[in-house]
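Residue-level structure breakdown
So the chains spell out like this:
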Amino acid sequence: MKKILFFITAFASLSLSAQNTGAVKSGEKFIYSASYNMSGLMTQLAQVTMQTETVKTSKKTLLHLSCEATTYSKWDTFFKIRDRYESYVDPVTLRSNLYKRDIFEGKYTKKEKYIFKSDGRTIESTVTKKNMPETKKAFQVRGGSQDVVAILYKLRTVNFSTFKPGQTQSFVVVFDEKEMGVSAKYLGKETINAGNLGKKVCYKISIGAKTNKLRGTDKNIIYLTADAAKVPALIQFSIPVGTGQLTLTKATGI
């Protein structure tokens, strides 16, 4: 599931300079069914939920972005997953302020917290793994680098109506305390079943990354509704251990 969620978030590195023009709103909730190819059949294993809400601190107002993955109860005895990814961002620029990651996968657990400093190039991280002492460090990144959840939402602010099929751009995300190159190639439009939204014309985007977590050429695809909301309607992934997809079942608050 770690590799699956990496794809969900890493594919979004298409535009680090975009502003939130209203595509991303507080109060959104997207629910997906996560399926994995088992013996040639797509089998539903988990639910993935993405939500947004406004939060206020003593100094600023932020947009809280969250992504949770939970295996369906019948699979818990086989491999129980309870993962939560969170990002607190500026509601206009979607710039990261704070990132949290809490993983429970079988017997593996890990907690991460990144604080993005005001200089835009320094991240202070705190990491805790099962049966290991907590570690803290500061590391440097390129200006504009953001956590994987914030980048996911930034994709929805891109004006794809100006893109031509085959157009590719490359960017960088921060994951596991490292910067990672990601490329996004616009492939055109396709009609996709978008859960309770019905059939929608979508932008089709192929994702590549400088990592061993993704496999194949044009095998990792995200479909965004070709409207103002740009809701992720379908995500298809190919990873070292197989293939799968996330299918939108319900979208509210858009």
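Structure first, text after, so check above.
This write-up is about the structure you can find in this document. Bear in mind that the values here come from a model prediction, so they are computed numbers and not experimental data. (Residues numbered from 1 in each chain as written. Predicted model: local features only at pLDDT ≥ 70, side-chain atom pairs only at ≥ 80, totals over all residues. Heavy atoms only, no water.)

**A short note on the overall build of the chain**
Scanning the chain from terminus to terminus reveals three helices and 14 strands. A total of 254 residues make up the chain; the buried ones form 50% of that total. For the chain, contacts bridging at least 24 residues in sequence account for 49% of all contacts bridging at least 6. Accessible surface, the chain: about 11900 Å² in total, of which carbon and sulfur atoms supply 50%. (Helix = DSSP H or I, 4+ residues; strand = E, 2+ residues; numbered from the N terminus. Buried < 20%, exposed > 50% of the residue type's maximum accessible area, 1.4 Å probe, protein only. Contact = heavy atoms within 4.5 Å. Areas by Shrake-Rupley, 256 points an atom, 1.4 Å probe, with all protein chains shown as cover.)

**Thoughts on unusual backbone geometry**
With the exception of glycine, the majority of residues adopt a negative phi angle, and the majority of peptide bonds are in the trans configuration. Backbone geometry at L94 places phi at a positive 60°, although glycine is not the residue there. Tracing the backbone shows L94 in the loop between β4 (82–89) and β5 (96–105). The phi dihedral of E177 is positive, around 60°, even though this residue is not glycine. The residue E177 is located in the loop between β9 (168–175) and β10 (178–193) in this model.

**Some remarks on the side chain of S33**
Looking at where S33 falls in the secondary structure, it is placed in strand β1 (residues 29–38). With a relative accessible area of 5%, S33 lands in the buried category. A polar side-chain atom of S33 sits 3.4 Å from a polar atom in the side chain of Y72. Apart from the residues lying within four places of it in its own chain, the contact partners of S33 are Q44, A46, Y72, Q245, L246, T247 and T249. (Polar contact = N/O pair within 3.5 Å; in protein donor to acceptor, adjacent residues only side chain to side chain.)

**Describing the pairing of strand β8 (residues 135–140)**
Relative to β8, strand β7 (residues 122–129) runs antiparallel, the two being bridged by six bridges. Following the sheet pairing, T126 is matched in β8 by K136. Connecting β7 to the antiparallel partner β8 that follows it, the hairpin turn spans five residues, and N131 within it adopts a positive phi of roughly 60°. (Pairing = 2+ DSSP bridges.)

**Focus on the packing of aromatic side chains**
Applying the stated criterion to the full structure yields eight aromatic pairs. Between Y114 and F139 the ring centres are 5.9 Å apart and the planes differ by 80°, which places this aromatic pair in the edge-to-face class. A residue pair is termed long-range when its members are at least 10 positions apart, and Y114 in strand β6 (residues 108–116) and F139 in strand β8 qualify at 25 residues. Summarising the burial analysis for this pair, Y114 and F139 share the class buried. Put simply, the rings of F160, F163, Y186 and Y203 touch in pairs and so form one group of aromatic residues. (Phe/Tyr/Trp six-rings, centres within 6.5 Å; stacked < 30°, edge-to-face > 60°.)

**Topic: the nonpolar core**
Counting residues in each nonpolar core, the largest one holds 58 residues, and the members touching the most others are Y153, F160 and I205. Among the elements that take part in this core, helix α3 (residues 148–154) stands out by supplying six residues, more than any other. Discounting residues that sit within four places of it in the chain, Y153 has contacts with V24, E28, M50, Q51, T52, L65, S66 and L94. (Core = buried A, V, L, I, M, F, W, Y, C linked by side-chain atoms within 4.5 Å.)

**What to know about the pattern of salt bridges**
The tally for this structure, following the rule as stated, stands at 12 salt bridges. Ionic pairing is found between R84 and E68, a salt bridge with its closest N-O pair at 2.1 Å. Here E68 lies in strand β3 (residues 61–71) and R84 lies in strand β4, a separation of 16 residues in the sequence. (Salt bridge = Lys/Arg side-chain N within 4 Å of Asp/Glu carboxyl O.)

**As for the pairing of β1**
The buried fraction of β1 amounts to seven of the 10 residues, a majority that puts the element mostly inside the structure. Pairing of β1 with strand β14 (residues 242–252), which is carried by eight bridges, proceeds in the antiparallel orientation. What sits directly across from K29, in β14, is T252. Of the pairings in the sheet, the one linking β1 to strand β2 (residues 41–56) comprises 10 bridges and is antiparallel in character.

**What to know about the environment of S145**
Turning to its location among the elements, S145 is positioned in the loop between β8 and α3. For S145, a relative accessible area of 7% corresponds to the buried category. Here R142 takes part through its backbone oxygen, which lies 3.1 Å from a polar atom of the side chain of S145.

**Topic: the environment of L63**
Structurally, the position occupied by L63 is in strand β3. With relative accessibility at 4%, the residue L63 sits in the buried group. Sequence separation between L63 and S87 is 24 residues; the distance between their C-alpha atoms is 8.1 Å. Leave out the neighbours within four places in its chain, and L63 touches V24, S26, T52, E53, T54, S87, Y88, V89, P91 and L94.

**Some thoughts on the side chain of E112**
Relative to the helices and strands, E112 resides in strand β6. For E112, a relative accessible area of 3% translates into the label buried. Within the structure, the side chain of E112 is placed 2.7 Å from the side chain of R101, a separation counted as a polar contact. Looking at E112, its side chain comes within polar contact range of the side chain of Y114, at 3.1 Å. Once you skip the residues sitting within four places of it in the chain, E112 turns out to touch Y99, K100, R101, T126, V127, D176 and E177.

Geometric values such as these leave the question of function open.
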